[in-house]
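# Inside the fold
Spelled out, the chains give:
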Amino acid sequence: MEEQNISSNNVDIESEGVGGGGKISRNGSVIDQESMMMSSSSMNVREPLLLKSRINTTSQIAIVGANICPIESLDYEIVENDLFKQDWRSRKKVQIFQYVVLKWTLVLLIGLATGLVAFFNNIAVENIAGFKLLLTSNLMIKQSYYKAFAALAGCNVVLATCAAVLCAYIAPAAAGSGIPEVKAYLNGVDAHSILAPSTLFVKIFGSIFGVAAGFVVGKEGPMVHTGACIANLLGQGGSRKYHLTWKWLRYFKNDRDRRDLITCGAAAGVAAAFRAPVGGVLFALEEAASWWRSALLWRTFFTTAVVAVVLKSLIEYCKNESCGLFGEGGLIMFDINNSIPAYNTTDLLAIVLLGVIGGIFGSIYNYLVDKVLRTYSIINERGPGFRVLLVIIISILTSCCAFGVPWLAKCIPCPAHLKEECPTKGRSGSYKSFQCPDGHYNDLASLLLTTNDDAIRSLFSSLNTNEFRISSLVFFFFAMYFLGIITYGIAIPSGLFIPVILAGASYGRLVGRMLSPIANLDVGLFALLGAASFLGGTMRMTVSLCVILLELTNNLLMLPLMMLVLLISKTVADCFNKGVYDQIVIMKGLPFLEAHAEPYMRHLVAGDVVSGPLITFSGVEKVGNILHSLRMTSHNGFPVIDEPPITDAPELCGIVLRSHLLVLLKGKVFTKHRRLSGAQTLERYHAFDFAKAGSGKGLKLEDLEIDPEEMEMYVDLHPITNTSPYTVVETMSLAKAAVAFRELGLRHLCVVPKTPGRPPIVGILTRHDFMPEHILGLYPHIDPHKYR
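The structure reproduced in this document is the subject of the present report. Remember, predicted model here, so these are calculated numbers, not experimental data.

Sheets are built from strands that pair by backbone hydrogen bonding, the pairs being arranged parallel or antiparallel. Strand order in the open sheet made by the three strands is β7-β9-β10, with mixed pairing throughout. The open sheet has two free edges, formed respectively by β7 (617–618) and β10 (651–657), since each of these has just one partner strand. Bridge count for β7 against strand β9 (residues 637–642) is two bridges, and the pairing is parallel. Bridging from a neighbouring strand, F617 pairs with V640 of β9.

Here is the structure:
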């Protein structure tokens with residue numbers, strides 16, 4: 001997976017890819033790109049991963065997964081044109097009731113589908129990895145060490161290659177965890193491949209192969225992306241291609257309803273991955289969603305509750321060994337409820353220390369992930385073949401580490417009075433014999449030659465304080481820390497949660513071992529707090545992580561300690577850099593709008609960043625002029641100006657969208673003379689005719705067939721013009737405008753003049769206009785550090 005950050009020298013002001021306002025530069029031509037470049041020291045903006053020579057003159061570009069693609073903004077604003085008003089006036093109560101029922105039905109289906117996919121993932125990973133580990137264990141018992149390594153490495157390489165081929169050739173957008181992409185989508189950023197059906201397919205099977213291949217990755221992050229893809233697929237509003245044009249489905253052909261469904265899908269993904277329904281709702285609220293309301297809270301809660309019921313039912317079915325090598329398991333993944341957390345002053349000081357360690361290690365982890373991703377981008381630029389080769393190299397390195405590091409550990413005698421078998425003969429268990437004689441086990445092999453879930457379960461265990469030696473925990477920590485860093489970024493679906501939990505639990509248990517003579521908390525609880533501290537240091541979440549970990553471990557008594565360690569680790573890590581997902585969003589070049597404006601924006605006004613003159617249309621415009629503007633620009637929104645004799649003086653009628661213009665021109669409701677003909681358009685069209693297309697191809701300019709005679713005719717734009725666009729006066733603070741733009745979920749924000757006697761619109765602010773690269777490109781003398 002490549003990561004990048006779009007710098008101002010990659011953006012053409014005329015093309016304005018994300019917002020699409022029809023604007024050109026201040027002097028009527030495109031601003032010279034050299035004038036937009038500046039040093040990173042003056043901008044505090046990292047160098048992009050995309051090559052500086054790659055310029056996209058049609059749309060802004062970013063990296064989605066491992067693929068470079070153009071991006072657009074989503075239209076969350078309700079387009080209140082005459083067709084929309086006519087549709088709402090004609091809707092009956094029964095239609096509104098149908099819409100509400102269908103919305104709840106869709107979130108039910110999202111919960112069911114996500115739960116089923118998560119269960120399928122678990123069964124597949126446990127059985128594939130179980131077969132591989134069982135084969136390796138049997139060869140080790142026969143002392144066929146070279147054959148054991150060949151079997152382990154061979155299975156890993158085959159599985160890794162399958163995952164990489166799927167990811168590199170079919171759906172590059174499926175690489176990585178997908179959480180940054182989902183987060184950007186819910187912020188209003190769209191790329192056609194983020195939630196495509198092919199991405200869903202590769203995300204499911206690529207994650208299975210990648211986790212089963214023994215990579216230090218988790219399936220939890222990809223499950224969030226999977227849930228979002230399922231929600232997007234169900235919320236397409238029907239498809240003419242597949243003859244799914246049921247009238248009810250048409251209600252969801254808009255970005256607002258899709259956004260809500262995808263939010264439910266992301267929450268369902270977390271609930272399915274961690275079996276944490278409440279944690280899923282809080283994750284969507286704290287980390288994923290940029291807009292929230294009480295109605296959405298109800299629906300996400302309902303979705304995650306459905307996921308919990310589905311998982312519970314299926315896991316109960318598997319308890320009678322009907323699922324192959326799938327373990328008994330339960331809705332609680334790592335049950336440590338038998339440990340009662342009685343703590344003293346020493347324990348509290350140790351927890352504070354864990355929080356500081358987690359914050360420092362987390363910030364270093366994020367820094368190294370940044371460096372590795374930028375290094376991998378050089379390899380990934382060479383094509384899919386090199387991406388697959390990189391995956392194979394990392395797979396071999398991981399296999400060598402998993403098989404070679406346990407040889408550094410000495411055999412430990414099995415503890416007396418154990419309830420479980422020691423050493424373990426089968427696939428799972430906490431006591432792997434590896435090369436040890438009967439009655440002994442290898443603690444490093446017990447952590448490395450097992451599934452990630454079993455390794456976490458062993459680290460969280462409180463049954464045997466001395467189960468893992470201090471030296472083994474040190475080796476395991478460094479192995480997980482650095483393997484997690486170099487693995488995230490290759491062309492496979494990969495989550496960050498599990499590597500971070502493994503590394504954090506290892507140093508947490510290490511601290512617990514060292515303080516065991518004087519501490520009241522046992523080593524299992526220290527491991528849990530260590531995992532929490534590292535998660536807080538890397539991801540910078542607090543409330544959702546706290547609840548997820550409590551639901552994972554079924555230990556509500558740990559709540560005060562968990563809160564304390566998460567707050568400390570986040571506070572310490574924030575002193576150094578951003579959270580890993582925020583950092584990846586920036587590196588990818590996704591134009592994410594933060595909840596707060598940059599301080600230097602208070603010293604600029606809205607009129608300072610708009611570009612003009614604008615490309616505008618009259619209320620009744622000549623067909624040739626519209627076609628020429630559509631061909632010469634890639635703008636997605638155009639101001640419509642009413643002029644005499646329609647009005648006494650020029651006035652802003654509203655904004656018309658590019659997609660709506662294409663539909664109107666395709667219908668050829670033209671007149672030979674400039675006159676109002678909106679009544680014909682209202683009779684011929686319905687609001688659904690202008691609804692946004694789903695994942696399939698919408699109407700394009702090339703689909704229009706306009707002859708020369710029609711080019712001289714006129715078309716009335718009033719019926720499709722949004723007559724109530726959001727506007728701000730040109731003297732409004734840019735910081736205020738940025739907050740309003742984000743909170744309202746806009747794609748276009750009209751800037752109007754403060755004084756009379758001027759054109760009715762100064763320009764259009766779009767998502768791109770609020771990006772630091774654009775603002776600091778226009779005003780390179782601004783030092784963003786000065787205002788912090």
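Within the largest apolar cluster, 153 residues are counted, with the highest numbers of intra-cluster contacts made by F215, M480, F497 and M562. Beyond its immediate sequence surroundings of up to four residues, M562 is in contact with L528, L529, A532, C546, L549 and L550. Grouped together as the second largest cluster of nonpolar side chains are 27 residues, L83, I615, L630 and C653 included.

Moving on to the pattern of salt bridges. Scanning the model with the defined rule gives 22 salt bridges in all. One salt bridge in this structure joins K312 and E316, with 3.3 Å as the shortest N-O distance. With K312 and E316 both in helix α10 (residues 294–318) and four residues apart, this pair spans about one turn of that helix. A relative accessible area of 37% means that E316 is categorised as partly exposed. The partner of R540 in a salt bridge is D574, and the shortest N-O contact between them spans 3.1 Å. Here D574 lies in helix α19 (residues 559–574) and R540 lies in the loop between α17 (523–539) and α18 (543–553), a separation of 34 residues in the sequence.

Turning to a nonpolar patch on the surface, a few remarks are in order. Where nonpolar side chains cluster on the molecular surface, the patch consists of W88, I96, V100, W104, L108, L109, L112, L234, W298 and F302 and spans about 860 Å² of accessible area. Of the residues forming the nonpolar patch, the biggest block, six residues, is contributed by helix α3 (residues 93–141).

Evaluated as defined, the whole model comprises 27 aromatic pairs. Look at F361 and Y481: their rings are 6.0 Å apart centre to centre, the planes differ by 65°, and that puts the pair in the edge-to-face class. Of the two residues, F361 sits in helix α11 (residues 345–380) while Y481 sits in helix α15 (residues 470–487), which places them 120 residues apart along the sequence. Take F361: its relative accessible area is 25%, and that puts it in the partly exposed class. Owing to a relative accessible area of 4%, Y481 belongs among the buried residues under this scheme. Just above the ring of W88 sits the side chain of R91; from NZ or CZ to the centre is 4.7 Å. Above the plane of the ring of Y76 lies R259, whose end atom (NZ or CZ) is 4.5 Å from the centre.

Between the first and last C-alpha of α10 there are 37 Å, a value that for 25 residues agrees with the 36 Å anticipated at 1.5 Å per step. Buried within α10 we find L296, R299, T300, T303, T304, V306, V307, A308, V310, L311, I315 and C318. Among the structural elements, α3, α8 (255–274) and α9 (277–288) are those in contact with the buried residues of α10.

Inspection of the entire model under this criterion finds two disulfides. Between the sulfur atoms of C411 and its disulfide partner C436 the distance amounts to 2.1 Å. Around the S-S axis, the bridge from C411 to C436 shows a dihedral of about -95° and counts as left-handed. In this pair, C411 sits in the loop between α12 (384–404) and β5 (412–413) while C436 sits in the loop between β5 and β6 (440–441), placing the two residues 25 residues apart along the sequence. The class of C436 is buried, set by a relative accessible area of 11%. Disulfide pairing places C414 opposite C422 at an S-S distance of 1.9 Å. In this structure the cystine formed by C414 and C422 twists about its S-S bond by roughly -80°; its chirality is therefore left-handed. No disulfide involves C401; its nearest neighbouring cysteine sulfur is the one of C400, lying 8.7 Å away. On the basis of relative accessibility, which here comes to 15%, the residue C401 falls in the buried class.

The next thing to look at is the pairing of β9. In terms of residue burial, β9 counts as a mostly covered element, since six of its six residues are buried. Relative to β10, β9 runs antiparallel, the two being bridged by six bridges. From the neighbouring strand, D642 faces β10, where its bridge partner is E651.

Counted under the stated rule, the structure contains four cavities of 30 Å³ or more. Reported here for the largest cavity is a volume of approximately 350 Å³. Lining the largest cavity are 32 residues, and of these G214, L448, T450, T451 and N452 lie nearest its centre. It is α3 that contributes the most residues to the lining of the largest cavity, five residues altogether. Split by residue class, the lining of the largest cavity holds 20 nonpolar, seven polar and five charged. In this model, the second largest cavity occupies a volume close to 140 Å³. Taken together, L133, T136, S137, M140, I141, T424, K432, S433, F434, A445 and L449 make up the full set of residues lining the second largest cavity. Tallying contributions element by element places α3 first for the lining of the second largest cavity, with five residues.

About the thresholds
- Residues numbered from 1 in each chain as written.
- Predicted model: local features only at pLDDT ≥ 70, side-chain atom pairs only at ≥ 80, totals over all residues.
- Heavy atoms only, no water.
- Pairing = 2+ DSSP bridges.
- Helix = DSSP H or I, 4+ residues; strand = E, 2+ residues; numbered from the N terminus.
- Core = buried A, V, L, I, M, F, W, Y, C linked by side-chain atoms within 4.5 Å.
- Buried < 20%, exposed > 50% of the residue type's maximum accessible area, 1.4 Å probe, protein only.
- Contact = heavy atoms within 4.5 Å.
- Salt bridge = Lys/Arg side-chain N within 4 Å of Asp/Glu carboxyl O.
- Patch = residues over 30% accessible without salt bridge, like charges linked within 9 Å, V, L, I, M, F, W, Y side chains within 5 Å.
- Areas by Shrake-Rupley, 256 points an atom, 1.4 Å probe, with all protein chains shown as cover.
- Phe/Tyr/Trp six-rings, centres within 6.5 Å; stacked < 30°, edge-to-face > 60°.
- Lys NZ or Arg CZ within 6 Å of the ring centre and 35° of its normal.
- Expected span 1.5 Å × (residues − 1).
- Disulfide = S-S within 2.5 Å.
- 1 Å grid on protein atoms, 1.4 Å probe; cavity = no way out; pocket = protein on both sides within 12 Å on 5 of 7 lines; lining within 4 Å.
- Points joined across faces, edges and corners; volume = space filled by probe spheres on them.
- Nonpolar A, V, L, I, M, F, W, Y, C, P; charged D, E, K, R; others polar.

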